[in-house]
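# What the coordinates show
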Amino acid sequence: MDNSSALKSKKVYVGICCIIILLWAFWKSLPNPLFNAPFSKLVLDKNRQLLQAKISDDGQWRFEQLTEVPDKFKQAIIEFEDKRFYYHPGFDPLALSRALYLNLKHGSVKSGGSTLSMQVIRMARNKPRNVLEKCIEIFLAFRLECSYSKEEILQLYASHAPFGGNVVGLEAAAWRYFGRSATQLSWSESCCLAVLPNSPSLVRPDKNRQTLKQKRDKLLEKLKQKHLITQEDYSLALLEPIPQKPLPLPNHAPNFLSSLFDGALGEKPIKSQVLSSIDLRLQSMCNQILEQHHQQLKGNGINNIACLILDIEQNKVLSYCGNVYHPNEAQLETYVDMIPALRSPGSTLKPLLYAALLQDGSILPKTLQADIPTQISGYMPQNFDLQYDGAVPANEALARSLNVPAVKQLQVYRTERFYYLLRKLGIKSLNKGANHYGLSLILGGGENSMWEISNVYASMARLVNHYGKNSGKYLLSDMERASFYHDISPKNNIEYFEPILKAGAIYQTFEAMQDLVRPGEEQYWSQYISSRRIAWKTGTSYGFRDAWAIGLTPKHVVCIWVGNADGEGRPGLTGISTAAPVLFDVIKTLPASRWFDMPYDDMQKQIVCTKSGNVAGMFCEQIDTQWANISYKFPPLCSYHKRIHTDINKQFRVSKSCENESQIIANNWFVLPPTMEFYYKAKHANYRSLPPFKAGCSEEADLNMEVIYPRRLSKLFMPKEMDGKPGKIVFEVAHRLSNTKVFWHLNKQYLGSTQQFHKLGIQAPAGKHLLVVEDEFGERIELPFELVRSQ
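As a starting point, this report considers the structure included with it. (Residues numbered from 1 in each chain as written. Predicted model: local features only at pLDDT ≥ 70, side-chain atom pairs only at ≥ 80, totals over all residues. Heavy atoms only, no water.)

### Re the overall build of the protein chain
In terms of regular secondary structure, the protein chain is built from 21 helices and 24 strands. At 39 Å, the protein chain has a C-alpha radius of gyration far larger than the 28 Å of a compact globule built from 791 residues. A buried classification covers 52% of the 791 residues belonging to the protein chain. Long-range pairs, those at least 24 residues apart, make up 65% of the contacts in the protein chain between residues at least 6 apart in sequence. Working note: accessible area of the protein chain is about 38,500 Å², and carbon and sulfur atoms make up 53% of it. Seen as two clouds, the 92 positive and the 76 negative side-chain charges of the protein chain have centres 6 Å apart. (Helix = DSSP H or I, 4+ residues; strand = E, 2+ residues; numbered from the N terminus. Rg over C-alpha atoms; globule rule 2.2 N^0.38 Å. Buried < 20%, exposed > 50% of the residue type's maximum accessible area, 1.4 Å probe, protein only. Contact = heavy atoms within 4.5 Å. Areas by Shrake-Rupley, 256 points an atom, 1.4 Å probe, with all protein chains shown as cover. Lys, Arg positive; Asp, Glu negative; His and termini not counted. Charge placed at Lys NZ, Arg CZ, Asp CG, Glu CD.)

### Things to note about the pattern of salt bridges
Applying the stated rule across the entire model yields 28 salt bridges. In this structure, K74 engages E151 in a salt bridge whose closest nitrogen and oxygen atoms are separated by 3.1 Å. Separated by 77 residues along the polypeptide, K74 in helix 2 (residues 71-81) and E151 in helix 6 (residues 150-160) bring together distant segments of the chain. For E151, a relative accessible area of 26% corresponds to the partly exposed category. The salt bridge involving R414 is made with E416; its shortest N-O contact spans 3.9 Å. When its relative accessible area of 42% is taken as the criterion, R414 is described as partly exposed. Counted as one network, the salt bridges with shared partners bring together D389, E396, R400 and K683. (Salt bridge = Lys/Arg side-chain N within 4 Å of Asp/Glu carboxyl O.)

### Some remarks on the layout of surface pockets
The volume enclosed by the second largest pocket comes to roughly 1,100 Å³. In terms of lining, the second largest pocket is formed by 41 residues, of which the most central are S347, F384, S401, N403 and T540. Those elements that place two or more of their residues in the lining of the second largest pocket are strand 10 (535-540) and helix 20 (575-587). Tallying contributions element by element places strand 10 first for the lining of the second largest pocket, with 4 residues. Looking at side-chain class alone, the lining of the second largest pocket contains 14 nonpolar, 18 polar and 9 charged residues. (1 Å grid on protein atoms, 1.4 Å probe; cavity = no way out; pocket = protein on both sides within 12 Å on 5 of 7 lines; lining within 4 Å. Points joined across faces, edges and corners; volume = space filled by probe spheres on them. Nonpolar A, V, L, I, M, F, W, Y, C, P; charged D, E, K, R; others polar.)

### Considering helix 9 (residues 209-225)
With 17 residues, helix 9 extends 24 Å from end C-alpha to end C-alpha; this agrees with the ideal 24 Å at 1.5 Å per step. Taken together, the buried residues of helix 9 touch helix 2, helix 8 (187-195) and helix 10 (231-239). (Expected span 1.5 Å × (residues − 1).)

### What to know about the packing of helix 2 against helix 6
For the pair helix 2 and helix 6, interaxial distance at closest approach is 12 Å and the crossing angle is 85°. Taken together, the axis directions place helix 2 and helix 6 in an arrangement best described as roughly perpendicular. Contacts from F73, K74, I77 and E81 in helix 2 reach E151, L154 and Y157 in helix 6. Grouping the constituent residues of the contact of helix 2 with helix 6 by class yields 4 nonpolar, no polar and 3 charged. (Axes fitted to C-alpha atoms, helices over the stretch in contact; angles between N-to-C directions. Parallel < 35°, antiparallel > 145°, perpendicular 65-115°, else oblique.)

### Structural notes on the packing of helix 7 (residues 170-178) against helix 8
At a closest axis distance of 11 Å, the pairing of helix 7 and helix 8 adopts a crossing angle of 120°. Taken together, the axis directions place helix 7 and helix 8 in an arrangement best described as oblique. Where helix 7 crosses over helix 8, the handedness of that crossing is right-handed. Seen from helix 7, the contacting residues are L170, A173, A174, Y177 and F178; seen from helix 8, they are E189, C192 and L193. In terms of residue class, the contact of helix 7 with helix 8 is built from 7 nonpolar, no polar and 1 charged. (Left-handed = near helix turned anticlockwise from the far one by under 90°.)

So far we have only geometry, and geometry alone does not tell us how the molecule works.
Structure follows, in structure tokens:
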């Protein structure tokens, strides 16, 4: 009895083990993943319109069905292929019995009896069709139904069904044959595609079209008989023609697709389809605008244009045109995506330095900046027009994109601080250290991308937009880079931080950026009430290789780049002449918006000197009250107004030692340093130089003379003439009193004199020298320098 019980228990144990093994084998019998075929990569716009597609690695147009199968196609395919789809467990005994009867009756294969589930298995296995394979399909179809819902099985079918030629999948077929998404297909079109997978190699729109029409019409009639479509829908569907041949796929964003899936814009997408934030309507208009300007510019050998538009509030990309598209003209290199490309940004970083100086308290918006010949450790920046203003308000220097004031500003702010500021704002491409770039950093000495710069300006605009809403606080999420994805919402993390640039300084920077003279007819924008207020900036790289224009409103940032992908410079390739016209054409396509609200809690009223732009001092006569941002330190006081004493006629400066006290009057005088004055008064006729001292007056006079070039202790290379002989170096001095005679001496040897224009060409051997310049009143300057032979 005990042996019998033990034997019985053993059999039960073995039976259970066998069942477990069979269940495990049954569960593992379904391949995972079911399909290994690669999908085509495609990008959809925010409304699921196809922007761009790239053929899969195996040469097939295979679009993955990520959404639910459209209802019209679902009803059509179920009626045509598998009427009891929702009721069978993967195989249909009635359909199989019917197929067996018909095949035996006719002595050949007339019907397969396969369900949609079995067809999914057949497509996944891709094996020769025979009786054994049919049995395997039945088994695996049942297994498939255990793991997948009916809707998921329909999605698998719609993703992998063949539709003729190299077209695989419902979505690919809809675009290739009808030029639109499967969700937009009519009943006729849905039925046309439903009958194709049955025999795609024999019946296609471009092959046996009459047979295809008959199959479609027959299916439409069945749908009508089952009251799935109305009589009116049926009649209209019969009138629709059969497509003739596959259509070319949309080609709206070729550079975007390549860069996105190559990882040039960050992490690669996980799925083969990307539902982007791009607006197809706006993308198409931008492509058209770029092409129009390309046709104008290519005559000058300028081949490439790029445009990027960001939605500031949603922090999304609205348009991404990495280049014009001319695939048949390889020499134009339009396949290069210029948006992530690192290029010299020209002057597009100047507003960031301007904002930093405002934030720091080093300047006010109209603080006078020196615009004079400048030499800093051998580096000599020059303005684009090679002219100097002597002194110019800071906001005007930014609006006119003057290089010399910008370099001098960076020298004050320090390159290391500015480099750190750029990194904090999100510009990570500057990876060689501040000393590598030096002062040229502000003039485009580094390399940045359109993507980086656009995101920086968008973040700054968001800080201003949200300042009032956040009660004067700053959200860290406002500094996030823009997203390409429509289905990813902006981060709503309530995490506050202390920004390196605050709302007041940013707002005043945007105010200054409005004052740039716009190109063409746009230059008269301020005369029209309906005109848009736009903060914008241009940039031109050294050698005329890159032209930039970036513009923003409270809603949008638009960045334009024009140039050649290979870096070739072209005459006339400047931001104002080539990129700015594109910028304003693009901005016209965007909805208008009101201007930024002033961040009053980060602003304060300052009494400023109208001439110097600094906080008014005790000697400033013309003053004004202006809004200024709250800065880290007290803004500079006016140092250009001085109290002087003159005779009654204001012809001479006098003192009690040389003039009767009753004949002396006190004057508040606007006085610039000699070199600044030399250039300033040439463009300001109302500027009054300091009057000279009256003879016999003992009061010490202010300096009237200053060397413009070179600076003390400079090392100068000896120039060479065309014949190889040593040339002359031109020395220049500024004097307040232009008619004053100036005497020149080199190494105690008299060289000559100058009057009005104080320039003198000097030739000397290599070595150390001492230049002495003295005016007729005895004011004297000694300038040691060294001449070095040119290599």
